[in-house]
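Understanding the architecture of this molecule
Each chain, letter by letter, is given below.
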Amino acid sequence: MGTGWEFTAWSLMVKHHIARDSARRTMRRARPAMGKLIYGSEVSITFEDRLLAHLQFVIGGKLRRNEAFYFGWKDDPRAGDGRSVIWIHPSVPLRFKYSGSVPIDLNRAWIDALNVTANSAHGLSVIAEPAPNRTGQNA
């Protein structure tokens, strides 16, 4: 018969392995899903699905009102670390391709901030997601 110490050491070892495996699974899931905004036949831009959903909301609103506008983003460092700008027009086909299948909760504060840039002379710009507003309202 053991003193119970062996059981405690064994259960701590099991807990450690469970926690380690759980952390590995979380790290694999933590990579953001990357989708594409496809504009016309020549432009395909990769964005995180979360950003893409917010861009779809803002761009869709402007196109629904038949508004054309500039849209700019910072290029991937592997592509030269520059920036790109395109002219978005209602007559050009536009597609949002998500890599994930789970619907995304929209952050109203981010939509509002993106709309401010979209209505400026420089056009819609990709900006960092702000904290949700105090009421926690989602779009």
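In what follows, the accompanying structure is described.

Reading the values: the criteria
Residues numbered from 1 in each chain as written. Predicted model: local features only at pLDDT ≥ 70, side-chain atom pairs only at ≥ 80, totals over all residues. Heavy atoms only, no water. Helix = DSSP H or I, 4+ residues; strand = E, 2+ residues; numbered from the N terminus. Buried < 20%, exposed > 50% of the residue type's maximum accessible area, 1.4 Å probe, protein only. Areas by Shrake-Rupley, 256 points an atom, 1.4 Å probe, with all protein chains shown as cover. Contact = heavy atoms within 4.5 Å. Pairing = 2+ DSSP bridges. Axes fitted to C-alpha atoms, helices over the stretch in contact; angles between N-to-C directions. Polar contact = N/O pair within 3.5 Å; in protein donor to acceptor, adjacent residues only side chain to side chain. Salt bridge = Lys/Arg side-chain N within 4 Å of Asp/Glu carboxyl O. Phe/Tyr/Trp six-rings, centres within 6.5 Å; stacked < 30°, edge-to-face > 60°.

**Focus on the overall build of the chain**
Counting its regular elements, the chain contains 3 helices and 6 strands. Reading the chain from its N terminus to its C terminus gives the helix and strand order α-β-β-α-β-β-β-α-β. In the chain, buried positions account for 24% of the 139 residues. With the model as given, the accessible surface of the chain reaches about 9800 Å², and the carbon-plus-sulfur share is 57%.

**A short note on the environment of V92**
Structurally, the position occupied by V92 is in the loop between β4 (83-88) and β5 (94-97). Look past the residues within four positions of V92 in its chain and what remains in contact with it is Y39 and G40.

**A word on the sheet that holds strand β6 (residues 124-125)**
As a general point, the strands of a sheet are linked pairwise by backbone hydrogen bonds and lie either parallel or antiparallel. Ordered in space as β4-β3-β6, the 3 strands form an open sheet in which the pairing is mixed. The outermost strands of the open sheet, each flanked by one partner alone, are β4 and β6. As paired elements, strand β3 (residues 69-74) and β6 share 2 bridges and run parallel to each other. Paired with F71 across the two strands is L124, which belongs to β6. Against the sheet, helix α2 (residues 49-64) contacts β3, β4 and β6, and its axis sits at roughly 165 degrees relative to β3.

**What about helix α3 (residues 108-118)?**
Taken together, the buried positions of α3 are occupied by A109, W110, I111, L114, T117 and A118. If you follow the buried residues of α3, they end up packed against α2, β3 and β6. For α3, the N-terminal cap is N107; the gap from its side-chain oxygen to the backbone nitrogen of A109 is 2.9 Å.

**Some details on the environment of D76**
With respect to the secondary-structure elements, D76 resides in the loop between β3 and β4. Separated by 2.6 Å, the side chains of D76 and R78 make a polar contact.

**What about the pattern of salt bridges?**
Inspection of every chain in the model, using the stated rule, returns 6 salt bridges. For E129, the salt bridge goes to R50, with nearest N and O atoms at 2.7 Å. With E129 in the segment after β6 and R50 in helix α2, the pair connects residues that are 79 residues apart, well separated along the chain. Residue classification places E129 among the partly exposed positions, given a relative accessible area of 34%.

**Regarding the packing of aromatic side chains**
In the structure shown here, the tally under the stated rule is 4 aromatic pairs. Taken together, a centroid distance of 6.1 Å and an interplanar angle of 50 degrees make the contact between F47 and F71 tilted. Remark: F71 occurs in strand β3 and F47 occurs in strand β2 (residues 43-48); sequence separation between them is 24 residues. Taking the relative accessible area as the measure of exposure, F71 reaches 0% and is therefore buried. Here F71 and W73 contribute two aromatic rings whose centre-to-centre distance is 5.2 Å and whose plane-to-plane angle is 40 degrees, an arrangement assigned as tilted. Owing to a relative accessible area of 10%, W73 belongs among the buried residues under this scheme.

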